[in-house]
Amino acid sequence: MLEQWFPNVDWEKMWEATVQTLYMTAISVVATFILGIILGLLLFLTAPGNRWENKVINFIIASFVNVFRSIPFIILIILLIPFTVWLMKSMLGANAALPALIVGAAPFYARMVEIALREVDKGVIEASQSMGANDWEIIYKVLLPESMPALVSGITVTAIALVSYTAMAGVVGAGGLGNLAYLEGYQRSNPDVTLVATVIILLIVFILQIIGDVITRSLDKR
Amino acid sequence: MITLKGLHKTFNAKSGVVKAVDDVNIEIEKGEIFGIIGYSGAGKSTLIRMLNLLERPTDGTVSIDGMDLSRLKGKELRKARQEISMVFQHFNLLWSRTVKENIAFPLEIAGVSSTERKKRVDELVKLVGLEGRENAYPSQLSGGQKQRVGIARALANNPKVLLCDEATSALDPKTTDSILDLLVDINKQLGLTIVLITHEMHVIRKICHRVAVMENGRIVEQGHVLEVFQNPKEDITRDFVNQLADPGDIHKTLDHLAEEYPEGKVVNLTFVQESAEKPLISDVLRKFAVDINILQGKISQTQEGAYGKLSVLLQGEEKDIQEAIAYMESHHVGVEVIQNA
């Protein structure tokens, strides 16, 4: 049945490519989450009127975020080749895609984190200060838990963007479903391979969205 | 217990320098409930925020229990703040935490062990009457219940002082009363000093021992609640006192009556403490040849005794009326004659 409809699909390769895509997505989502929260916190805390108000640091981080958020991903990969080779000792394979994925997604997510933190009730922060909380306690006991639903829905959006980034990274040799669809599907004129790869990517996106929605809903007690 | 000396706070706004708090001097005794009343913009929020250094004074000192708070910084200040709790108008609870977890929050900050925390939280839940709601989230509570959580949270670290920033202003009258009763309870049970700010005279009347009236950043009048009620010196204070006594347009009615009975006198009497409970009117009727027509009256309880206001129409010979008034004045009753046309 499957062979009749998809004569050119090598299911073993397809599975391998799926695992690579999932691997790239998973690692880069985790790294983006951590890095994005750190950058977002710094953006928020150094902004005028906040705890660590500092125009210089705020300007530097904001510029960094804006620059890397604005470069088209496919160009970012090329620009980052020297950095990737230095860091990963190679330009090929799933691991080689990670630096570009993270550098591309973390600034994007950092902005979402900043917006989420700005939504936290100022009164609650004031209350924590009145109880004698220090900055660190305010961050991990107030700011992060109170903005968690927005942080999770933000990382869901970012994760979906990352899935499509991995497909692009695939084209320049990182492996995964994008690579397979391009090399085996497009260049060898096997439309069935492209179709199956697309369907799998769509499935991954849908599942990510559902997981994100369920977690966001269970966290939000407002 | 709390001494504010020469306290100033100025803000640099676009429109120039704003004096939010201007030379405030207050001495608050231990175990007292001290109220600061003023209209919005009077600077009372800024003032109460200087008591825990959420706002740093531009000039002057804040000392609590002999410790000069305005000199503390960093860790020492955070430690000191654990003894000066605050309750907020909009509750400021963490929505991501349950009632229990919200109350445990200041204990976590103070580094209390988790078994201790559990015990203390249970006590506090009982103290503020929230049994059965421990695991609810703030969004599932009514305004009054939220404020109870706010109060329990504020009491968690056994503070010396409780600051209430318009703690009842977001609540309906009935809930306001139950929260005020709770504050009085806490004041009596724990001997806690309470400083509150409000724009409602009702709150001052119901629970405060002493009151300060604030206008344009300055304290214009302060004293024992009953004294201030009986003998308000400033116009703004009179306004606030009248908030309590006046059911709306009573003044119009009194003026009208004064015109209607030119031979009589419309008189406002203010009774305080014991005089509120003596049969003064029947005394006057027996002793003087006057008729007394009661127009309206009201008696309310304060923390330091009863406070009553009575409007009457006195009719009779001018001489008898004057004597009756003199008699009432000699019995510690405030007498205010509404002009007779």
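Residues numbered from 1 in each chain as written. Chains lettered and ligands numbered in written order. Predicted model: local features only at pLDDT ≥ 70, side-chain atom pairs only at ≥ 80, totals over all residues. Heavy atoms only, no water.

### A short note on the pairing of strand S13 (residues 305–316) of chain B
Residues and elements named next belong to chain B. In terms of burial, S13 is a largely internal element, 10 of the 12 residues being buried. Where strand S11 (residues 265–272) and S13 come together, 8 bridges link them in antiparallel fashion. Residue pairing in the sheet places Leu269 in a bridge with Leu310 of S13. Here 12 bridges tie strand S12 (residues 290–302) to S13, and the two strands are oriented antiparallel to one another. Residue Gly297 lies in a different strand from S13, and its bridge partner there is Leu310. (Buried < 20%, exposed > 50% of the residue type's maximum accessible area, 1.4 Å probe, protein only. Helix = DSSP H or I, 4+ residues; strand = E, 2+ residues; numbered from the N terminus. Pairing = 2+ DSSP bridges.)

### So, the UniProt feature "transmembrane region" (unreviewed entry) in chain A
All names here are of chain A. When the UniProt feature table is mapped onto this chain, "transmembrane region" (unreviewed entry) is found at residues 20–44, 56–85, 91–110, 150–173 and 193–215. The distance from the first to the last C-alpha atom of residues 56–85 is 32 Å, and the span holds 90% helix and 0% strand. With 100% helix and 0% strand, the stretch residues 193–215 has end C-alpha atoms that lie 33 Å from each other. (UniProt positions renumbered as here; feature names shortened; annotations may be inferred.)

### Regarding the interface of chain A and chain B
Accessible area lost during the coming together of the parts is what is often quoted as the interface size. On the side of chain B, 22 residues touch chain A, which itself brings 22 residues to the contact. The junction of chain A with chain B conceals about 2000 Å² of combined surface from both sides, 61% of it contributed by carbon and sulfur atoms. Counting across the chain A and chain B interface gives 2 salt bridges. With a closest N to O distance of 2.6 Å, A:Lys141 and B:Glu108 form a salt bridge. Here chain A and chain B share 7 residue pairs in polar contact (both at pLDDT 80 or more) between them. Only helix H7 (122–130) and helix H8 (135–174) of chain A provide two or more residues apiece to the side of chain A that touches chain B. Tallying contributions element by element places H7(A) first for the side of chain A that touches chain B, with 7 residues. When grouped by side-chain class, the residues that make up the side of chain A that touches chain B number 8 nonpolar, 6 polar and 8 charged. (Contact = heavy atoms within 4.5 Å. Buried area = accessible area lost by both parts, 1.4 Å probe. Salt bridge = Lys/Arg side-chain N within 4 Å of Asp/Glu carboxyl O. Polar contact = N/O pair within 3.5 Å; in protein donor to acceptor, adjacent residues only side chain to side chain. Nonpolar A, V, L, I, M, F, W, Y, C, P; charged D, E, K, R; others polar.)

### A word on the environment of B:Lys233
Residues and elements named next belong to chain B. Inspection of the secondary structure assignment puts Lys233 in the loop between helix H8 (225–230) and helix H9 (235–245). The sequence separation of Lys233 and Glu221 amounts to 12 residues, and the corresponding C-alpha distance is 7.4 Å. Residues within four places of Lys233 in sequence aside, it is in contact with Glu221 and Arg238.

### A word on a nonpolar patch on the surface
A cluster of nonpolar residues, A:Leu195, A:Val199, A:Leu202, A:Leu203, A:Phe206, A:Ile207, A:Ile211, A:Ile215 and A:Leu219, forms a patch on the protein surface that exposes about 790 Å² of accessible area. You can see A:Ile215 is positioned in helix H10 (residues 191–219). (Patch = residues over 30% accessible without salt bridge, like charges linked within 9 Å, V, L, I, M, F, W, Y side chains within 5 Å. Areas by Shrake-Rupley, 256 points an atom, 1.4 Å probe, with all protein chains shown as cover.)

### Examining the sheet that holds S12(B)
Residue and element names in this part refer to chain B. Taken together, 4 strands build an open sheet; the order of strands is S12-S13-S11-S14 and the sheet is antiparallel. In this open sheet, the two strands that pair with only one neighbour each are S12 and strand S14 (334–338). Going across the sheet, the axis of each strand differs from the next one's by a mean of 15°, ignoring polarity. Across the sheet, helix H12 (residues 280–287) touches S11, S12 and S13, and the angle it forms with S12 is around 160°. (Axes fitted to C-alpha atoms, helices over the stretch in contact; angles between N-to-C directions.)

### So, the sheet that holds strand S2 (residues 16–28) of chain B
All names here are of chain B. One open sheet holds the 4 strands; their spatial order is S2-S1-S4-S5, and the pairing between them is antiparallel. Single-partner strands in this sheet number two, and they are S2 and strand S5 (67–68). Here 2 bridges tie strand S4 (residues 59–64) to S5, and the two strands are oriented antiparallel to one another. Looking at S5, one finds that Ser63 is bridged to Asp68.

### Details of the UniProt feature "domain: ABC transmembrane type-1" (unreviewed entry) in chain A
The feature "domain: ABC transmembrane type-1" (unreviewed entry), as given by UniProt, occupies residues 18–212 of chain A in the numbering adopted here. End C-alpha to end C-alpha, residues 18–212 of chain A measures 20 Å, and it is 85% helix and 0% strand.

### A closer look at helix H13 (residues 318–330) of chain B
Residue and element names in this part refer to chain B. Compared with the 18 Å implied by 1.5 Å per residue over 13 residues, the 18 Å span of H13 between its first and last C-alpha is a close match. All of the buried residues in H13 are Asp320, Ile321, Ala324, Ile325, Tyr327 and Met328. The buried residues of H13 occupy an angular sector of 160° when the element is viewed end-on, so they sit on one face. Packing partners of the buried residues in H13 comprise S11, H12, S12, S13 and S14. His332, located one to two residues past H13, shows a positive phi value of around 60°. (Expected span 1.5 Å × (residues − 1). Arc of directions from axis to C-beta.)

### Points about the confidence of the model for chain B
When pLDDT is averaged along chain B, the result is 89, and 96% of the positions lie at 70 or above. This prediction of the complex comes with two scores: 0.85 for pTM and 0.86 for ipTM. (pLDDT = per-residue confidence, 0-100.)

### Comments concerning the pairing of strand S10 (residues 218–224) of chain B
All names here are of chain B. Here strand S9 (residues 210–215) pairs with S10 via 6 bridges, running antiparallel. Its bridge partner being in S10, Glu215 is matched across the sheet by Arg218. The loop that links S9 with its antiparallel partner S10 comprises 2 residues; one of these, Asn216, has a positive phi angle of about 50°.

### Describing the packing of helix H5 (residues 143–155) of chain B against helix H6 (residues 173–190) of chain B
All names here are of chain B. For the pair H5 and H6, interaxial distance at closest approach is 10 Å and the crossing angle is 20°. By the angle class used here, H5 and H6 are roughly parallel. Handedness of the H5/H6 crossing: right-handed. Note on element contacts: H6 touches H5 through Thr175, Ser178, Ile179, Leu182, Leu183, Ile186 and Leu190, opposite Gly144, Gln147, Arg148, Ile151 and Leu155. For the contact of H5 with H6, a count of residues per class yields 7 nonpolar, 4 polar and 1 charged. (Parallel < 35°, antiparallel > 145°, perpendicular 65-115°, else oblique. Left-handed = near helix turned anticlockwise from the far one by under 90°.)

### Concerning the packing of helix H2 (residues 11–45) of chain A against H8(A)
The description of two helices packed together rests on the angle between their axes and the distance between the axes. Residues and elements named next belong to chain A. Close contact between H2 and H8 brings their axes to 7 Å; oriented N to C, the two are set at 135°. Taken together, H2 and H8 sit at an angle that is classed as oblique. Handedness of the H2/H8 crossing: right-handed. Residues Thr21, Met24, Thr25, Ser28, Val29, Thr32, Phe33, Ile37, Leu41, Phe44 and Leu45 of H2 touch H8, and the partners they reach there are Ile139, Leu143, Leu144, Leu151, Ile155, Thr158, Ala159, Leu162, Val163, Thr166 and Ala174. Residue composition of the contact of H2 with H8, grouped by class: 16 nonpolar, 6 polar and no charged.

### Side note on H5(B)
With 13 residues, H5(B) extends 19 Å from end C-alpha to end C-alpha; this agrees with the ideal 18 Å at 1.5 Å per step. With 10 of 13 residues buried, H5(B) is to be regarded as a mostly interior element. Along H5(B), the positions that sit buried rather than exposed are B:Gly144, B:Gln147, B:Arg148, B:Val149, B:Gly150, B:Ile151, B:Ala152, B:Arg153, B:Ala154 and B:Leu155. Check the buried side of H5(B) and you find it contacts H7 of chain A together with strand S6 (84–87), helix H3 (99–109), helix H4 (114–127), strand S7 (161–165) and H6 of chain B.

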